[in-house]
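Inside the fold
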Amino acid sequence: QVQLVESGGGLVQPGGSLRLACVASGRIISISAMGWYRQNPGKQRELVATITTGGSTNYADSVKGRFTISRDNAKNTVYLQMDSLKPEDTGVYYCNGGIRRSLLSGYSERWGQGTLVTVSS
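All values derive from a computational prediction rather than experimental measurement.

Attention now moves to the overall build of the protein chain. Scanning the protein chain from terminus to terminus reveals zero helices and eleven strands. Reading the secondary structure of the protein chain in the N-to-C direction produces β-β-β-β-β-β-β-β-β-β-β. Whereas a compact globule of 121 residues would reach a radius of gyration of roughly 14 Å, the protein chain reaches 14 Å, a difference of no more than 12%. Each of the 121 residues in the protein chain was classed as buried or not, and the buried ones make up 40%.

Ranked by size, the top nonpolar core spans 28 residues in total, and within it Trp-36, Leu-80, Met-82 and Tyr-93 carry the most contacts. Counting only elements with at least two residues in this core, the list comes to strand E3 (18-25), strand E4 (30-39), strand E5 (46-51), strand E7 (67-72), strand E8 (77-82), strand E9 (91-100) and strand E11 (115-119). Setting aside residues up to four positions removed in sequence, Met-82 forms contacts with Gly-16, Ser-17, Leu-18, Leu-20, Arg-66, Phe-67, Tyr-93 and Val-117.

This part covers the sheet that holds E7. Hydrogen bonds between backbone groups are what pair the strands of a sheet, and the pairing can be parallel or antiparallel. Read from one edge to the other, the open sheet built from four strands follows the order E1-E3-E8-E7, with strand pairing classed as antiparallel. Each edge of the open sheet is held by one strand with a lone partner, namely strand E1 (3-7) and E7. If you compare each strand with its neighbour and ignore which way they point, the axes differ by 15° on average. When E3 meets E8, the two strands line up antiparallel, connected through six bridges. Bridge pairing in E8 places Ala-21 opposite Tyr-79.

Another point: the environment of Glu-88. Topologically, Glu-88 is positioned in the loop between E8 and E9. Looking at Glu-88, the relative accessible area reads 54%, which means it is exposed. With 33 residues separating them along the chain, Glu-88 and Ser-121 place their C-alpha atoms 12 Å apart.

Pairing geometry for E4 and E9, over eight bridges, is antiparallel. Considered in E9, the bridge of Gln-39 is made with Val-92. As paired strands, E4 and E5 are joined by five bridges and run antiparallel to one another. Within the sheet, the bridge partner assigned to Gly-35 lies in E5 and is Thr-50. Taken together, E4 and the strand that follows it, E5, pair antiparallel across an intervening segment of six residues, in which Gly-42 is found at a positive phi of about 80°.

Throughout the structure, instances matching the rule amount to four salt bridges. With a closest N to O distance of 3.1 Å, Lys-64 and Asp-61 form a salt bridge. According to the relative accessible area criterion, Asp-61 is exposed, its value standing at 65%. Between Asp-89 and Arg-66 there is a salt bridge, with its nearest N and O atoms 2.7 Å apart. Residue Asp-89 is located in the loop between E8 and E9, and its partner Arg-66 is located in the loop between strand E6 (57-59) and E7; the two are separated by 23 residues in the primary sequence. Taken individually, Asp-89 and Arg-66 each receive the classification buried, so the pair is uniform in this respect. Linked by salt bridges that have partners in common, Arg-38, Glu-46, Arg-66 and Asp-89 make up one network.

Cut-offs applied
Residues numbered from 1 in each chain as written. Predicted model: local features only at pLDDT ≥ 70, side-chain atom pairs only at ≥ 80, totals over all residues. Heavy atoms only, no water. Helix = DSSP H or I, 4+ residues; strand = E, 2+ residues; numbered from the N terminus. Rg over C-alpha atoms; globule rule 2.2 N^0.38 Å. Buried < 20%, exposed > 50% of the residue type's maximum accessible area, 1.4 Å probe, protein only. Core = buried A, V, L, I, M, F, W, Y, C linked by side-chain atoms within 4.5 Å. Contact = heavy atoms within 4.5 Å. Pairing = 2+ DSSP bridges. Axes fitted to C-alpha atoms, helices over the stretch in contact; angles between N-to-C directions. Salt bridge = Lys/Arg side-chain N within 4 Å of Asp/Glu carboxyl O.

Rendered as structure tokens:
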């Protein structure tokens, strides 16, 4: 069984910082692209940032220059450093990754359970 577990969410004031982490565990041969998404009640889940195995990154326009995604392939972990946080960054942040569980299978998309980030004074 493969699990993605996020951590690091919480309450922070506008202008503050948080660092999210997501660890993939279980029977894993390799992981392709990983990413962070966020969602608010009544809204669709939206892309925040993605990173390839080689380290190429992509960001939503709303977070460019404020958020930094990184990964540690040896630890099957992806991070999201969030700086200069704004109230509109509030939401449940989900980790996503393409997981390969055996040499006989391809990659399947997996999601974490989410971690809540609240930006408020």
